[in-house]
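Below are the chains, spelled out letter by letter.
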Amino acid sequence: MSHFLPPGHGMHRDWFVPWGEELAKRTNGKVKLTIFPAGSAFGNPARQLEQAVSGVVDIAHGLRGVPAGRFNRMGIIEFPFLVETANAASRTLWEMYPKHFAKEFPDTVKVLGLHAHNAGLIHTREKQVKTMDDLKGLRIRSPSPQINAMLQQLGATPVGLPPGDVYENLQRGVIDGAVFPWDPINSFRLFEVTKYHLDARSYTASFYFVMNKRKYDSLPADVKKAIDDTTGSALTERFGDWWNQWDAPGLEAATKKGNTMTSLSAAERARWRDTLKPTTEKLLTDLEGQGVKDARAIYAEMQQRIAKYEGAKK
């Protein structure tokens with residue numbers, strides 16, 4: 001299995017490693033999972049899907065927006081102010097996968113899971129961001145075109161970078177900040193090169209977890225059952241609690257360093273929402289122009305499902 005995160009990340013520690021142990025236990029040792037994280041030959045975030053498709057690895061976990069231009073229906077979950085919790089986002093993605101997103105994945109992979117993180121923050125190096133005006137001209141790392149569009153509308157300059165490249169670029173002043181949830185602030189040690197953290201809760205990023213279909217089909221029935229019973233719906237139920245756990249060390253590390261945390265005021269949050277309405281409209285129109293004719297229906301269904309888990313938006 002390959003993924004693009006460091007071994008210290010909660011996904012590696014709390015999900016991938018224990019999952020391998022669980023598969024071994026359920027199959028009486030038939031299965032041994034070897035994991036290749038960031039920094040390994042298979043850790044490039046842009047190659048995760050292709051590695052699983054080609055069979056270079058059997059299983060891969062990747063960031064939907066890297067590289068850009070694929071899984072556009074799934075990417076609607078990343079639209080501004082659509083979702084706040086990993087629980088609602090992940091459950092919504094998995095519930096909608098069969099009807100809306102399965103067609104986006106190559107038939108050479110079996111999709112084991114889809115998920116997204118808790119609504120993220122804007123972390124900056126030298127300039128504190130409290131308002132939209134504070135963002136003007138800042139170069140902010142972004143994980144996807146959807147979040148690029150949000151940042152541009154707010155006045156920032158988005159810069160596409162994989163997570164592992166952010167520390168050095170912040171340190172050198174190539175970028176002024178980055179959008180992330182709390183967890184990478186600890187796992188990538190970004191608390192060392194940032195001073196300010198704005199709890200904007202205006203976006204999320206999404207991920208896929210896939211297996212080479214030929215490899216899956218070649219497995220004995222009991223091994224398939226072990227994989228099926230520990231992925232899909234059973235896996236999706238865990239992301240809410242996991243992300244809350246993974247975010248906690250990032251907040252703690254930044255607090256210990258003495259960094260400054262702020263949240264959007266109610267008035268400023270309303271201002272951001274109004275400002276970003278044209279961004280959502282343009283994203284939907286662009287998707288329709290790219291052949292995603294059901295983009296608005298998907299967006300509306302996401303709103304309904306998310307509201308079921310989070311309650312009506314204030």
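One can find the structure itself at the top, above this paragraph.
Residues numbered from 1 in each chain as written. Predicted model: local features only at pLDDT ≥ 70, side-chain atom pairs only at ≥ 80, totals over all residues. Heavy atoms only, no water.

*Asks:* Could you give an account of helix α1 (residues 10-26), naming the residues involved and the relevant values?
*Replies:* The terminal C-alpha atoms of α1, which comprises 17 residues, lie 23 Å apart, in line with the 24 Å expected from a rise of 1.5 Å per residue. All of the buried residues along α1 are Gly10, Met11, His12, Trp15, Phe16, Trp19, Gly20 and Leu23. Buried residues along α1 sit in contact with β1 (59-63), β2 (109-116), β8 (206-212), α9 (221-229), α10 (233-236) and α11 (239-257). Looking at the residues trailing α1, positive phi occurs at Asn28, about 55°. (Helix = DSSP H or I, 4+ residues; strand = E, 2+ residues; numbered from the N terminus. Expected span 1.5 Å × (residues − 1). Buried < 20%, exposed > 50% of the residue type's maximum accessible area, 1.4 Å probe, protein only. Contact = heavy atoms within 4.5 Å.)

*Asks:* So, the pairing of strand β7 (residues 196-199): which residues are in play, and what are the values?
*Replies:* Taken together, the three bridges between strand β3 (residues 121-124) and β7 define a ladder with antiparallel strand orientation. For His123, the partnering residue across the bridge sits in β7 and is His197. The sheet contact formed by β7 and strand β9 (residues 260-263) spans four bridges and is parallel. When the bridges of β9 are listed, Leu198 appears paired with Thr262. (Pairing = 2+ DSSP bridges.)

*Asks:* Can you tell me about the sheet that holds β9, naming the residues and giving the values?
*Replies:* Spatial ordering of the open sheet is given by β5-β4-β6-β3-β7-β9, a layout of six strands whose pairing is mixed. Each edge of the sheet is formed by a strand with only one pairing partner; in this case those strands are β5 (157-160) and β9. Averaged over neighbouring strand pairs, the angle between their axes works out to 25° when direction is ignored. Running at roughly 160° to strand β4 (residues 139-142), helix α5 (residues 145-153) makes contact with β4, β5 and β6 (177-180) of the sheet. (Axes fitted to C-alpha atoms, helices over the stretch in contact; angles between N-to-C directions.)

*Asks:* Could you give an account of the pattern of salt bridges, naming the residues involved and the relevant values?
*Replies:* Overall, the coordinates contain 25 salt bridges when judged by the stated rule. The salt bridge partner of Lys277 is Asp274, with a shortest N-O separation of 3.4 Å. Taken together, the positions of Lys277 and Asp274, both in helix α12 (residues 266-289) and three residues apart, correspond to about one turn of that helix. Connected through shared salt-bridge partners, Glu95, Glu301, Arg305 and Lys308 make up one network. (Salt bridge = Lys/Arg side-chain N within 4 Å of Asp/Glu carboxyl O.)

*Asks:* Please set out unusual backbone geometry residue by residue, giving values where relevant.
*Replies:* The peptide bond linking Val66 to Pro67 adopts the cis configuration, its omega dihedral lying at -5°. Its place among the elements puts Pro67 in the loop between β1 and α3 (86-101). A positive phi angle, near 55°, is found at Phe81, a position not held by glycine.

*Asks:* Mind laying out the sheet that holds β2, listing which residues take part and the relevant values?
*Replies:* Here three strands make up an open sheet; going across it, the order is β1-β8-β2 and the pairing antiparallel. Of all the strands in the sheet, just β1 and β2 have a single pairing partner and so form its edges. Sheet twist, expressed as the mean angle between neighbouring strand axes with direction ignored, is 20°. Sheet analysis places β2 next to β8, joined by seven bridges and oriented antiparallel. Of the residues in β8, the one forming a bridge with Val109 is Asn212. Sitting on the sheet, α3 is in contact with β2 and β8, with an inclination near 145° to β2.

*Asks:* Requested: an account of helix α13 (residues 295-310), with residues and values cited.
*Replies:* The end-to-end C-alpha distance of α13, which contains 16 residues, comes to 22 Å, matching closely the 22 Å that a straight helix rising 1.5 Å per residue would cover. For α13, the complete set of buried residues consists of Ala295, Ile298, Tyr299, Glu301, Met302 and Ile306. Down the axis of α13, the buried set is contained in an arc of 165°. They therefore lie on one face. Facing away from the buried side of α13 by over 90 degrees, the exposed positions are Gln304 and Lys308. Buried positions along α13 lie against α3 and α12. Note on α13: the residue one or two positions beyond its end, Gly311, has a positive phi of about 90°. (Arc of directions from axis to C-beta.)

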